[in-house]
Amino acid sequence: MKITSIITLLAICCFAGQRAVIAGPGNIAPKAKVTVSSSLDHAHDAGRLTDGNARLRNTGEWVSDVVMPYWGDIKYPWVELTWEQEQYI
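Residues numbered from 1 in each chain as written. Predicted model: local features only at pLDDT ≥ 70, side-chain atom pairs only at ≥ 80, totals over all residues. Heavy atoms only, no water.

Peer 1: Honestly, the packing of aromatic side chains in this entry has me stumped. Any pointers?
Peer 2: Working definition: an aromatic ring pair is given by the centre-to-centre distance plus the angle between the planes. As enumerated under the stated definition, the model contains one aromatic pair in all. Between Tyr70 and Trp71 the ring centres are 5.0 Å apart and the planes differ by 85 degrees, which places this aromatic pair in the edge-to-face class. The same class applies to Tyr70 and to Trp71, which are both exposed. (Phe/Tyr/Trp six-rings, centres within 6.5 Å; stacked < 30°, edge-to-face > 60°. Buried < 20%, exposed > 50% of the residue type's maximum accessible area, 1.4 Å probe, protein only.)

Peer 1: Teacher, can you tell me more about the environment of Pro77 here?
Peer 2: Following the sequence through the fold, Pro77 ends up in the loop between strand S1 (33-36) and strand S2 (79-82). For the pair Pro77 and Ser38, spaced 39 residues apart in sequence, the C-alpha separation works out to 7.2 Å. Apart from residues no more than four positions distant in its own chain, Pro77 is found in contact with Ser37, Trp62, Ser64 and Val66. (Helix = DSSP H or I, 4+ residues; strand = E, 2+ residues; numbered from the N terminus. Contact = heavy atoms within 4.5 Å.)

Peer 1: Hey, could you run me through the side chain of Ser64 in this one?
Peer 2: Structurally, Ser64 is set in the loop between S1 and S2. Polar contacts involving the side chain of Ser64 include one to the side chain of Ser38, which spans 3.0 Å. Within polar-contact distance, the side chain of Ser64 engages the backbone nitrogen of Val66 at 3.2 Å. Setting aside residues up to four positions removed in sequence, Ser64 forms contacts with Ser37, Ser38, Ser39, Leu40 and Pro77. (Polar contact = N/O pair within 3.5 Å; in protein donor to acceptor, adjacent residues only side chain to side chain.)

Peer 1: Would you explain the side chain of Thr50 in this entry?
Peer 2: As for its position among the elements, Thr50 is in the loop between S1 and S2. Beyond its immediate sequence surroundings of up to four residues, Thr50 is in contact with Ala29, Pro30, Val34 and Leu81.

Peer 1: Just to check I follow, could you spell out the environment of Ile28 for this structure?
Peer 2: Assignment of secondary structure puts Ile28 in the loop between helix H1 (2-17) and S1. Measuring from C-alpha to C-alpha, the distance between Ile28 and Thr50 comes to 9.0 Å, with 22 residues separating the pair along the chain. Setting aside residues up to four positions removed in sequence, Ile28 forms contacts with Trp83, Gln87 and Ile89.

Rendered as structure tokens:
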């Protein structure tokens with residue numbers, strides 16, 4: 001079992017050196033201009049989409065002010081991220 005794990009780890013290190021399979025902590029969202037359909041209030045505005053907070057309860061959430069009427073028609077909220085120049089990911 002240990003030999004298999006060591007061989008797997010060595011293989012991953014070799015491939016990572018060639019950038020065949022690699023993932024990093026980079027985030028291009030903070031560099032973007034954010035446009036949203038609407039926001040519920042200042043505490044849930046578009047800036048929350050790129051503030052770097054994720055998976056924290058009641059923090060870092062954008063909330064639209066869209067309300068679904070009783071007949072079920074809804075204006076779907078949307079988010080648009082745009083960058084001044086191309087981003088390498």
